[in-house]
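So you can see what is in the structure, the chains are spelled out below.
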Amino acid sequence: MTTERRAAAKLAAPTINLASLVFGLDAYMRSRGASAGDALRRAGLEASDLADPDRRVPLIRYLELLEICADLLADPQFGLKFGARYEPRHAGVVGNVALASRTVGEAFEAIGRYLPTMVDAVVHGVEISDGIVFVYSYYIDPLMMSYRQKADWAIAFACNLMRTGLGDPRWTPLEVVLPQLAEETPAERRTRAEIMGDNISVGHPWAGLRFDAGLLQRPMATADAMIERLMRHYGDLRLAALPEQRGEIEQLRREIARVLVKGEGGIEHVARATGTSVRTLQRRLKDAGVNYSDLQNDVRKTLALNLLENDTLALAEIAFSLGYSEVSAFNHAFRRWVGQSPGDYRRLRARGSI
């Protein structure tokens, strides 16, 4: 493999299929007196980017589009409101296979499996502890935390999916956790509570929601075995059609991130998570022109740069979230990656010097 191909395998910018995420944006913006066309132009996008189910654009364009829409509407809750109105069936393979699944638990399993057909570089997690489920997601890309509309969109969409699947339009989670939340007016807080519920916690590494684990066994009111088989077949074809080299690296990056945040950074944990042996995994990495240590450091650095954008997180929390048992180990690694301490980096970012 050439040096150029190796670099592309490690550093290719993440992409997203907009047709799966912003269906109806034009109608929504027009209903509020604004133009989606203006937002698209400012984000460097075209109307056709929203219509083609196979076209992928840089993920950063989608994140910027949400922020631009919020700016055009002068509404800091744009992502929250648009996500709450977004019908899950419009979310491509991911939304349709989730709705057609037999149970809530199978719906979230399907989301995790088929999310790469929609967007790269995203980890979807479902964890159970003491009878409570925590469903969360995060991007493996630097500086994503600074785009705040996307977290509101994702949580509002997840709530909408649950309401549709359960057949309960008033369902709300036990708790919503968010990385950051700007100060809101009483009216804005009421709007948020109507969509997310009133138990909202801020200052977490990842956005997510918690609900009773018993719901995982609850039948989906929208279950349809035939549609589920068809959508899984189509979804598997879409997964297989992803660029082979990129798909391989992105899968490994997601699994490395997943085990890192659980404090299990060894290659044996990633091998187990991907259903392979350590030897086979090492051969796959060698074929891709990378080694495990380099890829792990790349993922850790990327997540660290992202988390440092969240000024509510202490450095100790960030270190722990990346699988470090000591802040000093995180500081040492970050200096090696960036050439300065994480504290200095954060201060320079806050001043706009980086």
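What counts and what doesn't
Residues numbered from 1 in each chain as written. Predicted model: local features only at pLDDT ≥ 70, side-chain atom pairs only at ≥ 80, totals over all residues. Heavy atoms only, no water. Helix = DSSP H or I, 4+ residues; strand = E, 2+ residues; numbered from the N terminus. Buried < 20%, exposed > 50% of the residue type's maximum accessible area, 1.4 Å probe, protein only. Contact = heavy atoms within 4.5 Å. Areas by Shrake-Rupley, 256 points an atom, 1.4 Å probe, with all protein chains shown as cover. Lys, Arg positive; Asp, Glu negative; His and termini not counted. Charge placed at Lys NZ, Arg CZ, Asp CG, Glu CD. Salt bridge = Lys/Arg side-chain N within 4 Å of Asp/Glu carboxyl O. Phe/Tyr/Trp six-rings, centres within 6.5 Å; stacked < 30°, edge-to-face > 60°. Lys NZ or Arg CZ within 6 Å of the ring centre and 35° of its normal. Axes fitted to C-alpha atoms, helices over the stretch in contact; angles between N-to-C directions. Parallel < 35°, antiparallel > 145°, perpendicular 65-115°, else oblique. Left-handed = near helix turned anticlockwise from the far one by under 90°. Nonpolar A, V, L, I, M, F, W, Y, C, P; charged D, E, K, R; others polar. Polar contact = N/O pair within 3.5 Å; in protein donor to acceptor, adjacent residues only side chain to side chain. Core = buried A, V, L, I, M, F, W, Y, C linked by side-chain atoms within 4.5 Å. Patch = residues over 30% accessible without salt bridge, like charges linked within 9 Å, V, L, I, M, F, W, Y side chains within 5 Å.

J.: Outline the overall build of the chain, listing residues and values.
T.: A count of helical and extended segments in the chain gives 17 helices and seven strands. Seen along its three principal axes, the alpha-carbon backbone of the chain occupies a region of about 50 × 50 × 45 Å. A burial count over the chain gives 51% of its 354 residues as buried. In the chain, once contacts between residues fewer than 6 apart in sequence are set aside, the share between residues at least 24 apart is 75%. Carbon and sulfur atoms form 50% of the exposed surface of the chain, whose accessible area is close to 16,300 Å². For the chain, the distance from the average position of its 45 positive side-chain charges to the average position of its 44 negative side-chain charges is 3 Å.

J.: So what about the pattern of salt bridges? Which residues, and what values?
T.: With the rule as written, the count across this model stands at 22 salt bridges. For the salt bridge of D71 with R42, the shortest nitrogen-to-oxygen distance reads 3.1 Å. Residue D71 is found in helix α4 (residues 59–73), and its partner R42 is found in helix α3 (residues 36–42); the two are separated by 29 residues along the sequence. Classification of D71 as partly exposed rests on a relative accessible area of 49%. Ionic pairing is found between E64 and R61, a salt bridge with its closest N-O pair at 3.3 Å. Placement of the pair is E64 and R61 together in helix α4, with a separation of three residues, close to one helical turn. Given a relative accessible area of 24%, E64 falls into the partly exposed group. Among the charged side chains, a salt-bridge network with shared partners connects R32, D75 and K81.

J.: Outline the packing of aromatic side chains, supporting the account with residue identities and numerical values.
T.: Taken as a whole and judged by the stated rule, the model has 16 aromatic pairs. Among the aromatic residues, ring-to-ring pairing joins Y28, F78, F82, Y86, W153 and F157 into one connected group. Directly above the ring of F134 sits R210, whose terminal nitrogen or CZ lies 4.4 Å from the centroid. The lysine or arginine in question, R300, covers the ring of Y324, its NZ or CZ lying 4.1 Å from the ring centre.

J.: Please set out the packing of helix α6 (residues 92–100) against helix α7 (residues 104–114) residue by residue, giving values where relevant.
T.: Contact geometry of α6 with α7 gives a least axis separation of 8 Å together with a crossing angle of 160°. Relative to α7, the element α6 is oriented roughly antiparallel. In this structure, α6 crosses over α7, and the sense of that crossing is right-handed. Only A107, A110, I111 and Y114 of α7 make contact with α6, whose side of the interface consists of V93, V94, V97 and A98. Taken together, the residues that form the contact of α6 with α7 break down as eight nonpolar, no polar and no charged.

J.: If you had to explain unusual backbone geometry to someone new, which residues and values would you point to?
T.: You will see that A74, though not glycine, has its phi angle at about 50°, which is positive. Positive phi outside glycine occurs at D130, with the angle close to 55°. As for its placement among the helices and strands, D130 is situated in the loop between β3 (122–129) and β4 (132–139). On the basis of relative accessible area, D130 is assigned to the exposed category, the value being 78%.

J.: How would you explain the side chain of R253 if you had to name every residue and give the values?
T.: Residue placement: R253 occurs in helix α11 (residues 244–260). From its side chain, R253 meets the backbone oxygen of I140 in a polar contact 3.1 Å long.

J.: Requested: an account of the nonpolar core, with residues and values cited.
T.: In this structure, L25, M29, Y62, F78 and F211 are the most contacted members of the largest nonpolar core, which totals 72 residues. In terms of residue count, the dominant contributor to this core is helix α8 (residues 149–166) (ten residues). Other than its neighbours up to four places away in sequence, F211 contacts F108, G131, I132, V133, V135, M162, W171, L174 and L216. One finds M145, L252, V299 and L308 within the second-largest nonpolar core, a separate group that totals 41 residues.

J.: Quick rundown of a nonpolar patch on the surface? Include the residues and the values.
T.: Together, M226, I227 and L230 give the surface a local cluster of nonpolar side chains, amounting to about 280 Å² of exposed area. The residue L230 is located in helix α10 (residues 225–241) in this model.

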